[in-house]
Every structure is written in C-alpha cells, then in structure tokens.
Amino acid sequence: MPKSKVRLGSLQVDVDPVLDAGCPLTAADFEPASQEEKASMVVIKKRMSYWQDAWRRLKRNTVAMVALGVIIVIILFAFMGPSFVPYTYSQQIRGSENLSPMTYSEKELEAAAAGEKVFPHVFGTDTLGRDLLVRVMYGARISMTVGVTASLIVLVIGSIYGSVSGFLGGKVDAVMMRIVELIYSIPDVLVVLLLQVVLKDPLTDLFDTSTSPLIESFSGIGVGLFSIFITFALLYWVSMSRIIRGQVLMLKSQEFVMAAQCLGASNKRIIKRHLLPNCIGQIVVTTCLQIPSAIFLESFLSFLGLGVSAPLASLGSLASDGLGGIYSYAYRLIIPSVVLSIMILSLNLFGDGLRDALDPRLKK
Amino acid sequence: MRRAGSEEMLEYVLKRVGMAFLTVVVIACITFLMMNAIPGSPFLDERSQPPEVLAALEAKYGLDKPLYQQLGTYLTSFVQGDMGVSLKMQKNRDVAEIIFEKFPVSVRVGVWAILNAIVCGIPLGCIAAYNRGKWVDSLLRIITTAGVAIPSFVVCTVLLIVFGVRLSLLPTMGLDSWKNYLMPCFALSFYPMCYIARLMRSSMLDVINQDYIRTAKAKGVAPVMLIFKHALRNSLIPVITYLGPMVAYTVTGGFVVETVFSIPGLGRYFIQSILARDYPIIMGTTIFLSILIIFMNLLVDIAYKIVDPRISFTKGGE
C-alpha cells in the first residue's frame, strides 16, 4: 500500500487508502445499470391497505385463526343446522321422551325396521320429547343474535356519544362524562334484573295490542330478549363511549381536523367523515369483545329463568332446564353448557387476536 | 408539600363520597319510579273491592299523593330502615328483617369465595410470571383463559355433576356443614381467581423487568423472596383495582351459585322474589345491594389512591 503523501496540516482529503481498502474499482463498475439491475432495486412488496395489513397479522396468530374457525363452525351449526334436521325446536315427539344421545324410541325402531329413514337424536331428547340437537342449534342462534345485536346497539350509541363528548370538549364534555361515570358506577346486573321485571307487562301489552309493523317485527324475539336489548342500550355503551372519547381527544388536535374546519366542514361532518373512520380499529375491537359479554349476560339471565320465554330456548335456559334432571340426564346440562363455553371462549380469543392485529400498540 | 397532598386527598375522598351518595340516590329513584311504572295497583289482585274501599286503602298507604311525595316518603322511610312488607313470598313480613336474615348466609359464602380468589389467584399469577414461557405458564394460561370465559353456572354444574352426582363426595344442596361450602365457594371464586391470576401475571412481568429487581437479583436475593417480597408489592396495584368489581361480581354471581346449590341466601331469595314479582322485596334488595356494591367500590378506590402515591388525585383525562 502506498504511503500517504499528504503533509500534516494540509486541507487535501486523503482518499487513496479508503478507495483501495476493500475491493479495488474496475472499469466495469462505471457502466450504466442494466434494466434487470434496476428492476431488482425496486421494492417488490405491494402496498397494503389497513385491513390487508391487519388480516396478514391476524393470519399469523394461530390461536385467533383457530377461534375464527370455531366461530364459523358454530355459526353454520346454528343457522344452517336446523334445516338438515327433520325436527323443529318446539315439536314434541310422542314416545321419544327422555332419550339418551344417539338412541331411538321403540316406535322409531319399528319405523326403521320397516325401512323408513329415521333421523337419530344426536343429543337425545328432553322430558317433552323435543330433540335436543335442534334446540341447542336454536339456542346457539339466539345467543349469537343477542350478542351481535346488543353489540351493534352499543356500537351506535357508544361511538356517537363518545365522539360528540370528546369533540365538543369543555363543559359539554364534563357533563357528559359525569353521566357516564354515574352509569358506570350503577351495578349493572341489578338494573338488568329490575328492567326484566318492570318491562315484562308493558312490553307484553305493547306486542299484543300494537298493529304497527315495526313493533310486530320485534314481537318475534319475545319480551325477555327485547328487554335485554333495552338494557344494553341504557347501560352498556359507557365503556365504548369512553374508548372513543379518548381516541377522539387524541385525534382532534391533529392537522387534518383543523384543515377540515378551515374548509368549513360542520362538526357533524368532521365527526362522521374524519374522526370516526380513524377510530375504526378500536371500534371494531370493542364491538367484537362486546359480543361474548352480551352472550354471557343473556345466558346468565336465561339460566335464572328471566331471559327468553318458552318455547324459545337459549343455551342458558336449556342448561337451566337440564338442572332438574341432573341425576339421570346429565348430558342435557352438559351439552348446552359446553357449546356456550366454547362459543364465548372462541369469541374472546378471536377478539383478543383482532385487537393485536388492528392495534399492535396495545399488544403486551 | 406534604400538606398539599393530604388536602388533595381529602378533596378526592369528599368528591368520591359525594358521587357515591348521588349514585345511591339515583338508583333508589330509578328503582322506585320503575316499580311505579308497572301497571296495576297492589290492592287489585285479590277479591274485587268497591271503589270507596280502594280509595280508602290508597289514602291509608299514601298512594293518592303525587308521585314525588310518594318518592320522598319512600326514601325517608328507607333511610329509617323501613323497606315495606313482603307481598307474596312471606306475606306481611318486614323486608328489612328478611334481608338481614338472608344476607349473612350470602356473606359467609361470598367472603370465603373472595378470600379463595385472592389467596389462590395471586400465587398462581406469580408462578406463571416466574415460569414465563415454560409449560407451567402455558398450562396456567389455558386454565385462566378458559376460567374467564366460562359462565359461572357452567362451573357450578360441572362441579355438581362430578363431585356431587358421580363421585357423591360432597353434598349438593344446603349449608349444613363445612363440606357444603366447598363447591359453592369454589364455583363463585373461579372467575375472579382466574382474572386475578391473569392480572397478576402481566403486572408481575412488568415489574420483573425493572431495575430494582435486577439490583436485588445481583445482591443475591433468593428467587422466591424476589418474587414474593420485592416484586409482589408493586405488582399488587392492578389487583387492588379489581377488588371493587370483584365484590360486585360476587354479589351477582351469588344469584346463580345460590340457585344451583339451593343455598338459603339473599341471592336466591332475590331471584325467587323476582320470579314471584314480590315488588317490595325486589326494591329493597336492589337498593340494598347497590349500596353495598357502590360503597365497596368507593373504599377500594380510596385504598388504591393511598397505596399508590404515584397516581395524582386531581382528575386527569384518563
């Protein structure tokens, strides 16, 4: 290596040793790049939308994906299942009372011997000869419906309340948050029970006498379920509204909100078009985690005999019916309980996975 | 400086107490008004009476007065301990008397359940955090995840079928001996225990990574001492915040557990009176239990502020 010829104190940059250090440059290094070389430098990764990105992260989470699979199976079981079973949930089959799972009554055995096709009672039958499989399917359907509807109610009320409170701020916010605090400290289950008692008679009257098509369509779900929805509308939106408020407080000081304000957008438009879409991750996650808690509450009420009214059955009321015959027919208690537990568990796990996927900052 | 802190504390406590009182009053009013909204009069259900008799009865019980006066009367008599009399369950018996007869039974089950949840939940969380990533942690995580998802009546019925019916080890109903307490207390404590274990695990993991723990480790503190003495104190704070909701859960979870195991407590009685539509009992019990839950929450909140001086008393955004 040639010795540096630069004298001490000179301003001339001493580049020779640097250039010679690793690989010596050849003439080929100064050729223009070919098309292939240029192409290889371009980042090949496709641009990903928010949802694609979240989905990619969710797919890597095995637990959440298994939970999603289980949820899909349960939904199919609950909504498609009854059409494959020849019995209905209120049909009382004479002579087939109290059958164990996968057994037949004498009548059915005779029919089978005569060459008729007899559908097995996969989960057995209850004291009135109703097929438990169909009842569990209907129960799961009701639980799912309650969960989703209640969460949607919470979603609508909570996000509107929270975003208005957060966006307006000041005294309005203070008053609105005091109300939330008040509702938050009311013991919810007690009020739910109270509402079940109070709403029963007026709602029954309303459903019996009213001719308006809107109310008619509600009467199908029964008084018990309807009062559960009212309860959710009254009490359960508070945590959602707190989350949305926090998010809106964070967002509203950002430039795009000011830009919208400068362009003359109304408050309503800013909340609808700018603030809420930016909270979408939190909204989806909170709604999703609300579903299992609504199912939880509904089964709790039905188990105590306050939720759905006969002949409709939910998983909670099926378990409660099964409690009477615990010594001889334990399966009647176990089957709905297991289905319910699996349902709530997988919804919880999926919700957790969704939270990690949509909002990686929250992940612990 | 110190003085300012205690003044702040006083202000906070006063504010919280005021809020709690307000909540109780609101609940009492809601309960009263909702019960009044139910159609029908208490004197209508038996034999039909001439209108003069009805009017006289209503005048006697003050039902002819405007609603706000009735509300005032109800609230003042409630404060004096008069919650009216039972209409159906135990006819004409004083509601307050019934509550104070039934409530101690529920308290006995509930206190054991809370103790069990704390005594078992905290060590389980510590063990999981200490063995992070090993099979013990995974096993505990599976159990606690299931535990917070499974409804309490499922836990009750599984216990009932396994220990009560199949193995016939434990009695399935009543509260005669200590054996009767095992299943209800465990069933009631299962959810809070799992919840506490999860809380404990995550807060313990936060604490374990802090510098002072490393210092203690470097000084040669034994692992058991490290976890149960040095790390435990700071990681207990989230668990303290859960104590309030846990009391509420124990009260409402007691409804199910007492119903399943036929325990003659207030929870079961409350559900029975709801099904029988015995309004004075429903009102009295709802307000009584609400007061209990709200004041337990209040105590826990204040305790939380005392335990953790890092939290400011003046109410911030979150």
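Worth saying up front: this structure is predicted, and the values here are computed from it rather than measured. (Residues numbered from 1 in each chain as written. Chains lettered and ligands numbered in written order. Predicted model: local features only at pLDDT ≥ 70, side-chain atom pairs only at ≥ 80, totals over all residues.)

S.K.: Give a detailed account of the overall build of chain A, specifying residues and quantitative values.
M.R.: Of regular secondary structure, chain A possesses 16 helices and zero strands. The proportion of buried residues among the 364 residues of chain A is 37%. The contacts of chain A with a sequence gap of at least 6 include a subset with a gap of at least 24, amounting to 71%. (Helix = DSSP H or I, 4+ residues; strand = E, 2+ residues; numbered from the N terminus. Buried ≥ 20, exposed ≤ 12 C-beta atoms within 10 Å, placed from the backbone. Contact = placed C-beta atoms within 7 Å.)

S.K.: Which residues make up the overall build of chain B, and what are the values?
M.R.: Scanning chain B from N- to C-terminus turns up 12 helices and zero strands. Across chain B, helices and strands are ordered from the amino to the carboxyl terminus as α-α-α-α-α-α-α-α-α-α-α-α. Pairs at least 24 apart in sequence give 76% of the contacts found in chain B among residues at least 6 apart.

S.K.: Help me get a handle on the packing of helix H6 (residues 132–168) of chain A against helix H11 (residues 238–251) of chain A, residues and values and all.
M.R.: The axes of two packed helices give the description: the angle between them and the distance between them. Residues and elements named next belong to chain A. With their axes 7 Å apart at the nearest point, H6 and H11 run at an angle of 40° to one another. As summarised for this structure, H6 and H11 are arranged oblique, according to the angle between their axes. In terms of crossing hand, the pair formed by H6 and H11 is right-handed. Across the interface between the two elements, Val154, Leu155, Gly158, Ser159, Tyr161, Gly162, Ser163, Ser165, Gly166 and Phe167 of H6 pack against Met240, Ser241, Arg242, Ile243, Ile244, Arg245, Val248 and Leu249 of H11. Class assignment for the residues of the contact of H6 with H11 results in nine nonpolar, seven polar and two charged. (Axes fitted to C-alpha atoms, helices over the stretch in contact; angles between N-to-C directions. Parallel < 35°, antiparallel > 145°, perpendicular 65-115°, else oblique. Left-handed = near helix turned anticlockwise from the far one by under 90°. Nonpolar A, V, L, I, M, F, W, Y, C, P; charged D, E, K, R; others polar.)

S.K.: Tell me about the interface of chain B and chain A, residues and numbers included.
M.R.: With 40 residues of chain B in contact, the opposing surface of chain A contributes 35 residues. Looking at the side of chain B that touches chain A, the elements that each hand over two or more residues are helix H1 (2–37), helix H5 (135–149), helix H6 (152–166), helix H10 (237–260), helix H11 (266–276) and helix H12 (279–307) of chain B. Looking at the side of chain B that touches chain A, the element that brings in the most residues is H1(B), giving eight residues. Grouping the constituent residues of the side of chain B that touches chain A by class yields 28 nonpolar, 10 polar and two charged.

S.K.: Explain the confidence of the model for chain A residue by residue, including any values.
M.R.: Taken residue by residue, chain A gives an average pLDDT of 77. The fraction at 70 or more is 77%. Mean pLDDT values for the elements of chain A range from 59 in helix H1 (residues 16–21) of chain A up to 86 in helix H4 (residues 62–79) of chain A. (pLDDT = per-residue confidence, 0-100.)

S.K.: Before we move on, can you summarise unusual backbone geometry with the specific residues and values?
M.R.: Even without a glycine there, the phi angle at B:Ser262 is positive, about 50°. Take B:Ser262: it is sitting in the loop between H10 and H11.

S.K.: Before we move on, could you go through the nonpolar core and cite the residues and values that matter?
M.R.: Residues A:Ala140, B:Cys156, B:Ala187, B:Ile196 and B:Val256 are the most contacted members of the largest nonpolar core, which totals 148 residues. Excluding its chain neighbours within four sequence positions, the residues that come into contact with B:Val256 are A:Phe300, A:Phe303, A:Leu304, B:Ser152, B:Phe153 and B:Cys156. (Core = buried A, V, L, I, M, F, W, Y, C linked by C-beta atoms within 7 Å.)

S.K.: So what about the packing of H6(B) against H10(B)? Which residues, and what values?
M.R.: All names here are of chain B. Their axes nearest at 9 Å, the elements H6 and H10 cross at an angle of 25°. Classified by the interaxial angle, the pair formed by H6 and H10 is roughly parallel. The two elements H6 and H10 meet at a crossing, and its hand is right-handed. Contact with H6, carried on its side by Ser152, Phe153, Cys156, Thr157 and Leu160, involves Gly253, Val256, Val257 and Val260 of H10 and no other residues of that element. The residue makeup of the contact of H6 with H10, split by class, is six nonpolar, three polar and no charged.

S.K.: Account for the environment of B:Lys102, naming residues and giving values.
M.R.: Residues and elements named next belong to chain B. Looking at the secondary structure, you find Lys102 in helix H4 (residues 95–130). Note on Lys102: 21 C-beta atoms within 10 Å, which makes it buried. Placed 161 residues apart in sequence, Lys102 and Ile263 show a C-alpha to C-alpha distance of 9.9 Å. When residues no more than four places from it in sequence are discounted, the contact partners of Lys102 are Pro264, Gly265, Leu266 and Tyr269.

S.K.: Describe the environment of B:Ala96, naming the residues involved and giving the relevant values.
M.R.: Residue and element names in this part refer to chain B. Checked against the element boundaries, Ala96 lands in helix H4. Spatially, the C-alpha atom of Ala96 lies 32 Å from that of Val155, the residues being 59 residues apart in sequence. Those residues in contact with Ala96 that lie beyond four places of it in its chain are Gly81, Asp82, Met83 and Gly284.

S.K.: Tell me about the environment of B:Val154, and name the residues and values.
M.R.: Inspection of the secondary structure assignment puts B:Val154 in helix H6. In this structure, the C-alpha to C-alpha distance between B:Val154 and B:Asp308, residues 154 residues apart in sequence, is 37 Å.

S.K.: For the confidence of the model for chain B, give the residues involved together with the corresponding values.
M.R.: Low pLDDT marks stretches whose predicted atomic positions should not be read closely. Residues of chain B with pLDDT of at least 70 account for 90%, and the chain-wide mean is 79. In the predicted complex, the global pTM is 0.77; the interface-specific ipTM is 0.77.

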